[in-house]
Amino acid sequence: MKLTTLGASREVGRSAFLLEIENKKIILDYGVQIRHPMKWPLHVNPKEIDAIILSHAHLDHSGGVPSFYLSNDIKTYCTKPTAQICDLLIDDFINLSNDVTKQYLPYQHQELEKMKESIVDIGMNSEFNIGDIKVNFVNAGHMPGSVSVSIEGEGKRVVYTGDINSSDQNLVKGADTKYGEVDLLITEATYGVNDHPDREDVEEEFVSFAKDVTERGGTLLVPAFAVGRSQEIACVLKSHNYSLPVAMDGMALKTNRILLENLEFLGDSELFKQMINGLTEAKNWKQRKEIMNTPGVIIVPAGMMVGGLSSYYKGSIAMNEKNAISLVSYQAEGTPGRTLLEKKMIKVDGKLKKIKGKFEHFNFSSHSGSKQLFEMIDGIKGNPTIVAVHGEEEQATSFVQKVQKDYGYDAIAPVLGDKIII
Ligand SMILES: [Zn+2]
Ligand SMILES: [Zn+2]
């Protein structure tokens, strides 16, 4: 069998792999790296592809999939929440590219529609076949509906982790990493050599910061990705009995509705329902004004503070010293979130200004840290070849060096276009 790395090679973003097995060509994810300009995976001829398997809905894994549907009919296999969230994210991505960022996309709404019609939704832990190949999805613990994929053919077993988190979150249970006998493991290595602080400590620090700010009459603004992180933050507040209003806005509200239809994919569905019942929804400008004048937490869907809603809230909130902003995820180079993190400054009316309120960054990750990645390697049986993807150069190369040294396995941090034959 042969694996070609079409993206996510010594980089995070545009995850895309071609697996040739049992005379079939299978695409594992086909994402986009959202930068200026955008980066797409290496091209493959859609006519030669037999099937697409999608690990989860994030655009860095799914954003290129509609380009297979310009004139072809290929099945895409994924879970139901992945299909529904993909539709939401890619639809928004097309609209933003057409109307706001004016970046060229290799497809439009029509191709997204065709992709939707071609999706076969697969349950967690249920086996299916593509020709003579046996495929199984297991929980990857990264976001609702995310899976790791096990593929058997030619008497060998391949496991692709997708994005993985083996620690429990409120929204999703930790990944199932008991893969058993493996010949080829394609693993993410976002945090190949870095560890995260203890999750429970981060949650407690965050909630106590929220209480501190809001019980004194302030508002805490939390910019967070609309899918997953927004709901996780609201669940963290709920599970720690935070009692003041928690408001959500924008695409996060659409995500809530999708997740309510997919409760079986959630870690603690009771907690999720309670969170939704207590939530204040900001749906129009009148409501937005109201929640900004009420002490409480506002979760706004813009992980790195990019976008209109974030701009609307941040100006008035950050310039009042009784308020605060918390960032709860990674902030990429060149984003307003990164500027806030490094300089405590935000842009108001086109000018960079020092914020007057408080600011705090909390490390809520939905990826395994190095410790969890090595626990996963510990559990593997057989003598696998390990391919480390979805990690910056330093993370991926140091990770494979440690695997070679400590386990004696063949381990590779591929570069773009590498072919690995086993
Ligand atoms: Zn992801
Ligand atoms: Zn990813």
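Bear in mind the structure is a predicted one, so any value in this text is a computation, not a measurement.

Observations regarding the pairing of strand 12 (residues 219-224)
Extensive coverage of strand 12 is indicated by the burial of six of its six residues. Both faces of strand 12 are covered, namely the face carrying Thr219, Leu221 and Pro223 and the face carrying Leu220, Val222 and Ala224. Pairing of strand 12 with strand 15 (residues 296-301), which is carried by six bridges, proceeds in the parallel orientation. Within strand 15, the position partnered with Thr219 by the bridge is Gly296.

Concerning the pairing of strand 16 (residues 324-327)
Of the two faces of strand 16, both are covered, the one formed by Ala324 and Ser326 as well as the one formed by Ile325 and Leu327. Bridge analysis of strand 12 against strand 16 gives two bridges, and the strand direction is parallel. Residue pairing across strands places Leu221 opposite Ile325, the latter belonging to strand 16. Of the strand pairs in this sheet, strand 16 and strand 19 (residues 358-361) are connected by four bridges, and their pairing is parallel. Within strand 19, the position partnered with Ser326 by the bridge is Glu360.

Digging into the sheet that holds strand 9 (residues 147-153)
With respect to topology, seven strands assemble into an open sheet ordered 7-8-9-10-11-20-21, the strand pairing being mixed. What marks the edges here is a single partner per strand, and that holds for strand 7 (127-130) and strand 21 (410-412). For this sheet, the mean angle separating the axes of adjacent strands, direction not counted, is 20 degrees. Bridge analysis of strand 8 (residues 133-139) against strand 9 gives six bridges, and the strand direction is antiparallel. The residue bridging Val138 from the neighbouring strand is Ser148, located in strand 9. Of the strands in this sheet, strand 20 (385-389) and strand 21 touch helix 12 (residues 393-407), which is tilted by about 160 degrees from strand 20.

What about helix 2 (residues 80-101)?
An α-helical turn contains 3.6 residues, so a residue and the one three or four places further along point in the same direction. Taking 1.5 Å per residue, 22 residues should reach 32 Å; helix 2 reaches 30 Å between its end C-alpha atoms and fits that length. In the core, the buried residues of helix 2 are packed alongside helix 1 (59-62), strand 5 (75-78), helix 3 (109-117), strand 6 (119-121) and helix 6 (251-260). Phi turns positive, to about 55 degrees, at Lys102, one or two residues after helix 2.

Quick notes on the sheet that holds strand 4 (residues 51-53)
Taken in spatial order, the seven strands make up an open sheet running 6-5-4-3-2-1-22, and their pairing is mixed. A strand with exactly one partner marks an edge of an open sheet, and here the two such strands are strand 6 and strand 22 (419-421). Each adjacent strand pair in this sheet contributes to an overall mean axis angle of 25 degrees, direction not counted. As defined by bridge partners, strand 1 (residues 2-5) adjoins strand 22 across three bridges and the pair is classed as antiparallel. Looking at the pairing, Lys2 lines up with Ile421 of strand 22.

Considering the domain arrangement of the protein chain
In many reports, interface size means the accessible area that the parts give up when they come together. Segmentation of the protein chain into domains returns domain 1 (2-194 + 366-421) and domain 2 (199-361). Between the C-alpha centres of domain 1 and domain 2 the distance comes to 29 Å. Listed as interface residues are 20 residues of domain 1 and, on the opposing side, 20 residues of domain 2. Its residues assigned to classes, the side of domain 1 that touches domain 2 shows nine nonpolar, seven polar and four charged.

What counts as what
Residues numbered from 1 in each chain as written. Chains lettered and ligands numbered in written order. Predicted model: local features only at pLDDT ≥ 70, side-chain atom pairs only at ≥ 80, totals over all residues. Buried ≥ 20, exposed ≤ 12 C-beta atoms within 10 Å, placed from the backbone. Helix = DSSP H or I, 4+ residues; strand = E, 2+ residues; numbered from the N terminus. Pairing = 2+ DSSP bridges. Axes fitted to C-alpha atoms, helices over the stretch in contact; angles between N-to-C directions. Contact = placed C-beta atoms within 7 Å. Expected span 1.5 Å × (residues − 1). Domains from an automatic or database assignment. Nonpolar A, V, L, I, M, F, W, Y, C, P; charged D, E, K, R; others polar.

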